[in-house]
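# Summary of structural features
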Amino acid sequence: MHTINTTNADLEPLSPDLPLPASDLATWREAIAAAVVPLEIQAKPGTTFAGHIRSSAVDGVGVYELLTTAHTVRRTPKLISKDDSQFYKLSLQLSGRGILEQDGRRAELGPGDLAIYDTHRPYALHFPEPSRTMVMVIPREPVELTAEQIARVTATCFSSDRGFGRLINPFFVELCNSIEQLPGAYGARLVHSALDLMVTMLAHELDTRSGGPSSPTGSLHREIREYILNHLGDETMTPASIAAAHFVSLRYLYTIFAEEGETISAWVRARRLEHIRRDLVDPIYAQRPVSWVAGRWGLHDAAHFSRLFKAEYGESPSVYRRQRLAGGSLAA
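Here the structure is a predicted model, which means the values were calculated and not measured.

Each value, and the rule that gives it
- Residues numbered from 1 in each chain as written.
- Predicted model: local features only at pLDDT ≥ 70, side-chain atom pairs only at ≥ 80, totals over all residues.
- Heavy atoms only, no water.
- Helix = DSSP H or I, 4+ residues; strand = E, 2+ residues; numbered from the N terminus.
- Buried < 20%, exposed > 50% of the residue type's maximum accessible area, 1.4 Å probe, protein only.
- Contact = heavy atoms within 4.5 Å.
- Areas by Shrake-Rupley, 256 points an atom, 1.4 Å probe, with all protein chains shown as cover.
- Salt bridge = Lys/Arg side-chain N within 4 Å of Asp/Glu carboxyl O.
- Phe/Tyr/Trp six-rings, centres within 6.5 Å; stacked < 30°, edge-to-face > 60°.
- Lys NZ or Arg CZ within 6 Å of the ring centre and 35° of its normal.
- Pairing = 2+ DSSP bridges.
- Axes fitted to C-alpha atoms, helices over the stretch in contact; angles between N-to-C directions.
- Expected span 1.5 Å × (residues − 1).
- Arc of directions from axis to C-beta.
- Core = buried A, V, L, I, M, F, W, Y, C linked by side-chain atoms within 4.5 Å.

Of the regular secondary structure elements, the chain holds eleven helices and eleven strands. Evaluated residue by residue, the chain yields a buried proportion of 48% over its 332 residues. A sequence separation of at least 24 residues applies to 72% of the contacts in the chain between residues at least 6 apart. Element-wise, carbon and sulfur atoms account for 53% of the exposed surface of the chain, whose accessible area totals about 15200 Å².

Tallied over the full model, the rule gives 20 salt bridges. When the shortest N-O distance is used, the salt bridge between E129 and R97 registers 3.0 Å. Note that E129 is positioned in the loop between β10 (123-127) and β11 (131-139) and R97 in the loop between β6 (87-95) and β7 (98-102), a separation of 32 residues in sequence. On the basis of relative accessibility, which here comes to 27%, the residue E129 falls in the partly exposed class. In this structure, R162 and D161 form a salt bridge, with 3.8 Å as the shortest nitrogen-oxygen distance. As far as the burial class goes, R162 and D161 line up, both exposed. In the salt-bridge network here, residues are joined through shared partners; they are D59, D196, E274, R277 and R278.

Inspection of every chain in the model, using the stated rule, returns nine aromatic pairs. With 5.8 Å between their ring centres and 45° between their planes, Y313 and Y320 make a pair best called tilted. Joined through ring pairs, the aromatic side chains of F305, F309, Y313 and Y320 make up one cluster. Just above the ring of W292 sits the side chain of R288; from NZ or CZ to the centre is 4.2 Å. Looking at R324, its charged tip hangs above the ring of Y320, at a distance of 3.7 Å from the centre.

This part is about unusual backbone geometry. One non-glycine residue, D103, adopts positive backbone phi at about 55°. Relative to the elements of secondary structure, D103 occurs in the loop between β7 and β8 (105-109). By relative accessible area, which is 33% here, D103 ends up partly exposed. In this model, A155 sits at a positive phi of 50°, which is unusual for a non-glycine residue. A155 sits in the buried class, given a relative accessible area of 4%.

Moving on, we get to the sheet that holds β8. Ordered in space as β2-β5-β10-β7-β8, the five strands form an open sheet in which the pairing is antiparallel. Strand pairing shows two members of the sheet lacking a second neighbour, β2 (40-43) and β8, which therefore form its edges. Shown here is a sheet whose adjacent strand axes are inclined to one another by a mean of 10°, direction ignored. Bridging between β7 and β8 involves five bridges; their strand directions are antiparallel. From the neighbouring strand, E101 faces β8, where its bridge partner is R106.

Let us look at helix α3 (residues 165-177). In a regular helix each residue adds 1.5 Å, so 13 residues correspond to 18 Å; α3 covers 18 Å between its end C-alpha atoms and thus fits that length. Within α3, the full set of buried residues consists of G165, I168, N169, F172, L175 and C176. Seen end-on, α3 carries its buried residues on one side only, within an arc spanning 110°. Set apart from the buried face of α3 by more than 90 degrees, the exposed residues are R166 and L167.

A general trend in soluble globular proteins is that nonpolar side chains are found buried together. Ranked by size, the top nonpolar core spans 32 residues in total, and within it M134, M136, F172 and M198 carry the most contacts. Counting only elements with at least two residues in this core, the list comes to β4 (61-68), β6, β9 (114-118), β11, α3 and α4 (187-209). When residues in this core are grouped by element, the largest group, nine residues, is from α4. The contacts of M136, once residues within four sequence positions are left out, are V61, G62, V63, Y88, K89, L90, F172, L175, V191, A194 and L195. With 28 residues, the next largest nonpolar core counts L220, L232, V281 and F305 among its residues.

Next up, the structure:
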């Protein structure tokens, strides 16, 4: 776990236990840029900025708790490069108020509310008063929704007092409260559960906006993806069998995925590799052979699987597993 501090009397009512070594706004900007992505950060006019951050990195996902005085954050077009790594950020307001703007939408967040945004497009966050927030920085790859789908729900307030938020948001609150424990052996399981809950909430919102299961194309695409995820362990699953199961032609199936810039085979392969990767670093499966883990998700040809895995993650599956399970830690 890493801690970065800037302090000022303005923050003392927010957290009497805030560490006291002094720093300034420039140091905070540098620390945030190094930890997350470059941002424009400005203190509220007439105030002096102060902040404190705690963080953990678990299996490629960054989890941050931020205590700050009033300020504004902007991710401007000039700060975004096409070569940047692409992340989603989930923001959970724990105290104070936050206002998120992206994609023409504006979400006002109170304690317990959360929202998602995309670091590869401009956004702004306004904190008009001292705030405590949790931010999860999530690589795009493990999120089982497309970039187009995510773009439809950015800057949307998921309230803690209605809908799925009543069930899901408290999990994220407790995740933040346990940030010191996340680098432990089972932290990755908690983070993966959080990502699954997030996707469930977003998918439900997408269905609600499209009019539910009766909406044709979008609903069919989600139904097909759900079918694939439920049958990843079936090595006999092919594009043809998927098309047949949904009473559509193979050409139409290819078209659905091509409209979002991908192929169905690549999407299935990526989902299988991601689930295998998760299981390889899960201590529950530590005694299982790599081949068993791969076969669990439909890849039974050991040599073929090893090539695919190394091409995707840069290491053989056995080396990848050994390095991340060494010492019982799953921190990345």
